[in-house]
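Structural characterization, general
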Amino acid sequence: EKGGPIIMVQVENEYGSYGEDKPYVSAIRDIIRDSGFDKVTLFQCDWSSNFTKNGLDDLVWTMNFGTGANIENEFKKLGELRPESPQMCSEFWSGWFDKWGGRHETRGSKEMVGGLKEMLDKGISFSLYMTHGGTSWGHWAGANSPGFSPDVTSYDYDAPINEAGQVTPKYMELREMLAGYSDKKLPSIPKEFPVIPKYSLRKWLPCLRTSPPLMRRWTFRRWKRSTKDGVPFFTVPKPRQCLPKVC
């Protein structure tokens, strides 16, 4: 209406996985409308298992799910409650978060591409989350449930375009599939920028073999813990002998 690129605005995010509070979600909706988004389509997203907890009658309901999901089942309840409603997967997860101490999460490219193709064939809208991996800085990585597992700062997410901005085999399979739904030739892939300069490690120090007394002194019993702004800090005593300089 105003010539801009915004066609939809989201109200909250997966609030049903946290709690049930329609007055709260209604207040967020009203704030968004009062901010000038009174004519654009407003929607809310949740999982198929909990979207009715906070579903408001005047908002479009969308589902979040990922690679390997049974897409028909994901929209089954929505179809029963709103048979004329448009269907959209507002987050189709191409991968998952990495947590400290865990393996790098991956999702198969065949399953991801197959799920997207199924939605295209059924006229279901989707947003690929993530298309491009990224990085969380400082303490912004947050944590995930269960158990509030801390996430690492890498948000590569096994996305088709990785954290460094490089295309992956998963991207090439996705591109090939999408090309079949376009009546125009897809543009060429931009040339990759080098992200890490070439270097070599010429000097090294076998710490475990040459400095067992030093290694024995670095024990958890000597670590002192303090808390600042809710974040734990650990202080390690300075070793009495210094390591040789490593270049």
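Check the entry above for the structure.
An account of the accompanying structure is given in this report. (Residues numbered from 1 in each chain as written. Predicted model: local features only at pLDDT ≥ 70, side-chain atom pairs only at ≥ 80, totals over all residues. Heavy atoms only, no water.)

For the rest of this paragraph, the subject is the packing of aromatic side chains. The full count for this structure, using the stated rule, is 12 aromatic pairs. Ring geometry for Trp96 versus Tyr157: centroids 6.5 Å apart, planes at 40°, classification tilted. Of this pair, Trp96 sits in the loop between strand E4 (88–93) and helix H4 (109–121) while Tyr157 sits in the loop between strand E9 (154–155) and helix H5 (169–179), and the two are 61 residues apart along the sequence. With relative accessibility at 2%, the residue Tyr157 sits in the buried group. Each residue in the set Trp93, Trp96, Phe97, Tyr129, Tyr155 and Tyr157 is aromatic and connected to the rest through ring pairs, giving one cluster. Across from the ring centre of Trp61, 3.5 Å away, lies the NZ or CZ of Arg82, which sits over that ring. (Phe/Tyr/Trp six-rings, centres within 6.5 Å; stacked < 30°, edge-to-face > 60°. Helix = DSSP H or I, 4+ residues; strand = E, 2+ residues; numbered from the N terminus. Buried < 20%, exposed > 50% of the residue type's maximum accessible area, 1.4 Å probe, protein only. Lys NZ or Arg CZ within 6 Å of the ring centre and 35° of its normal.)

To continue, consider the pattern of salt bridges. All told, the structure shown has nine salt bridges when counted by the stated rule. The partner of Asp58 in a salt bridge is Arg33, with the nearest N and O atoms 3.0 Å apart. Highlighted residues: Asp58 in the loop between strand E2 (41–46) and strand E3 (60–66) and Arg33 in helix H1 (residues 22–34), separated in sequence by 25 residues. Overall, the relative accessible area of 29% leaves Arg33 in the partly exposed class. (Salt bridge = Lys/Arg side-chain N within 4 Å of Asp/Glu carboxyl O.)

Attention shifts here to the pairing of strand E5 (residues 125–129). Sheet topology note: the E4/E5 ladder contains four bridges and is parallel. Following the sheet pairing, Phe92 is matched in E5 by Leu128. Crossover connection from E4 via H4 to parallel E5: handedness right-handed. (Pairing = 2+ DSSP bridges. Right-handed = clockwise from strand over helix to strand, strands pointing away.)

Further remarks concern the sheet that holds E5. Reading across the sheet, the five strands line up as E1-E2-E3-E4-E5 and stay open at both edges, with parallel pairing between neighbours. Edge positions in the open sheet fall to strand E1 (8–10) and E5, since each of these has one partner strand only. With strand direction ignored, the average angle separating the axes of adjacent strands in the sheet is 30°. Strands E1 and E2 of the sheet are contacted by H1, whose axis makes an angle of about 150° with E2. (Axes fitted to C-alpha atoms, helices over the stretch in contact; angles between N-to-C directions. Contact = heavy atoms within 4.5 Å.)

Okay, H4 next. Here H4 spans 18 Å end to end across 13 residues, near enough to the 18 Å set by a 1.5 Å rise per residue. Inspection of H4 places Ser109, Met112, Val113, Gly115, Leu116 and Met119 among the buried residues, and these make up the whole buried set. Within H4, the buried residues cover an arc of 160° as seen down the axis, which keeps them to one side. Here the buried face of H4 lies against E3, helix H2 (71–74), E4, E5 and H5. Just past H4, the residue Gly123 takes up positive phi, approximately 75°. (Expected span 1.5 Å × (residues − 1). Arc of directions from axis to C-beta.)

With that settled, the discussion passes to the environment of His139. Within the secondary structure layout, His139 lies in the loop between strand E6 (134–135) and strand E7 (143–144). Relative accessible area serves as the criterion here: at 68%, His139 is assigned to the exposed category.

Bringing unusual backbone geometry into the picture now. Residues apart from glycine generally show negative phi values, whereas peptide bonds are mostly found in trans. At the junction of Tyr129 and Met130, the peptide bond is cis and its omega measures out at 0° in the coordinates. The residue Glu14 is not glycine, and still its phi comes out positive at about 50°. Assignment of secondary structure puts Glu14 in the loop between E1 and H1.

Turning our eyes to something else, we now look at H5. When we look at burial in H5, the residues that qualify are Lys170, Tyr171, Leu174 and Met177. Buried residues along H5 cover an arc of 130° about the axis, so they all sit on one side. For H5, the exposed residues set more than 90 degrees away from the buried face come down to Pro169 and Glu176. On its buried face, H5 is in contact with H4 and E5.

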